[in-house]
Amino acid sequence: MVITRFECPSRLVLLRLVVLHLRIKRAVRRRLPELIGSRLLVDWGARTLLSISVWPTLESVYGMGSVPEHISGSRTPHRLGVRTTAGFFTFTGDWRQLMFGSPVAAHSPLHPCVQND
């Protein structure tokens, strides 16, 4: 999962970024079918946009470099005075193991559940 935060100087700039992201999302969907899903979370009061995308592998994220709309769009925030930061978040284990120390095998939720017989 990749999360990018955009802190905008005005609501008008935030609106421009929302429109830009919707265009980029369509282009990415056409070119990169491995994208599992993406969402925008907009906080108009704080003039902040979070772009969240889910990918099956870290390698699949590199495909964004082959999407011309993403390449050109990635230059826009800086020109508009938008501050950005981004991070990658990866699967670290089963929730029962992480929260309670249960002896449960790790199984990524990006893969089908398996039945234990």
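Residues numbered from 1 in each chain as written. Predicted model: local features only at pLDDT ≥ 70, side-chain atom pairs only at ≥ 80, totals over all residues. Heavy atoms only, no water.

Draft legend 1. Highlighting the overall build of the protein. Counting its secondary structure elements, the protein contains five helices and four strands. Reading the protein from its N terminus to its C terminus gives the helix and strand order β-α-β-β-α-α-α-β-α. Over its C-alpha trace the protein gives a radius of gyration of 17 Å, far above what one expects of a compact globule, namely 13 Å for 117 residues. Along the first, second and third principal axes, the C-alpha atoms of the protein reach 55 × 30 × 15 Å. Here the protein, with 117 residues, has 32% of them falling under the buried criterion. Entry remark: accessible area of the protein is about 8300 Å², with carbon and sulfur atoms responsible for 59%. (Helix = DSSP H or I, 4+ residues; strand = E, 2+ residues; numbered from the N terminus. Rg over C-alpha atoms; globule rule 2.2 N^0.38 Å. Buried < 20%, exposed > 50% of the residue type's maximum accessible area, 1.4 Å probe, protein only. Areas by Shrake-Rupley, 256 points an atom, 1.4 Å probe, with all protein chains shown as cover.)

Draft legend 2. Spatial organisation of helix H1 (residues 11-31). For H1, which comprises 21 residues, the first-to-last C-alpha distance of 30 Å matches the rise-based estimate of 30 Å (1.5 Å per residue) to within 8%. Restricting attention to buried positions, one finds in H1 the residues Val13, Leu14, Leu17, Val18, Leu20, His21, Ile24, Ala27 and Val28. Of the surrounding secondary structure, the elements contacted by the buried residues of H1 are strand S1 (2-7), strand S2 (37-43), strand S3 (48-54), helix H3 (68-73) and helix H4 (76-79). (Expected span 1.5 Å × (residues − 1). Contact = heavy atoms within 4.5 Å.)

Draft legend 3. Seen up close, the side chain of serine 60. The residue serine 60 is located in helix H2 (residues 58-61) in this model. On the accessibility criterion, serine 60 (9% relative accessible area) is buried. At 2.6 Å, the side chain of serine 60 forms a polar contact with the backbone oxygen of threonine 57. (Polar contact = N/O pair within 3.5 Å; in protein donor to acceptor, adjacent residues only side chain to side chain.)

Draft legend 4. How the structure looks around the sheet that holds S3. Strand order in the open sheet made by the four strands is S2-S3-S1-S4, with antiparallel pairing throughout. Lying at the two open borders of the sheet, with one neighbouring strand each, are S2 and strand S4 (83-88). For this sheet, the mean inter-axis angle between neighbouring strands, taken without regard to orientation, is 15°. As defined by bridge partners, S2 adjoins S3 across seven bridges and the pair is classed as antiparallel. Pairing of arginine 39 across the sheet is with isoleucine 52, part of S3. Its contacts with the sheet put H1 on S1, S2 and S3, and the angle it makes with S2 is roughly 175°. (Pairing = 2+ DSSP bridges. Axes fitted to C-alpha atoms, helices over the stretch in contact; angles between N-to-C directions.)

Draft legend 5. Main features of a nonpolar patch on the surface. A cluster of nonpolar side chains, contributed by Leu12, Leu15, Val19, Val42 and Trp44, occupies part of the molecular surface with about 430 Å² of accessible area. Take the nonpolar patch: its biggest share by element is three residues, from H1. (Patch = residues over 30% accessible without salt bridge, like charges linked within 9 Å, V, L, I, M, F, W, Y side chains within 5 Å. Salt bridge = Lys/Arg side-chain N within 4 Å of Asp/Glu carboxyl O.)

Draft legend 6. Representation of the environment of alanine 106 within the structure. Structurally, alanine 106 is set in the segment after helix H5 (95-100). Setting aside anything within four residues of it in sequence, one finds alanine 106 in contact with Phe91, Gly93 and Asp94.

Draft legend 7. Just the nonpolar core, in detail. Ranked by internal contacts, the top residues of the largest apolar core, which has 20 residues, are Cys8, Leu17, Val28, Leu32, Leu49, Trp55 and Val82. Put simply, the parts of the chain that give this core at least two residues each are S1 and H1. When residues of this core are assigned to their parent elements, the largest contribution, eight residues, is made by H1. Contact partners of cysteine 8, with chain neighbours within four places excluded, come to Val13, Leu14, Leu17, Arg47 and Val82. (Core = buried A, V, L, I, M, F, W, Y, C linked by side-chain atoms within 4.5 Å.)

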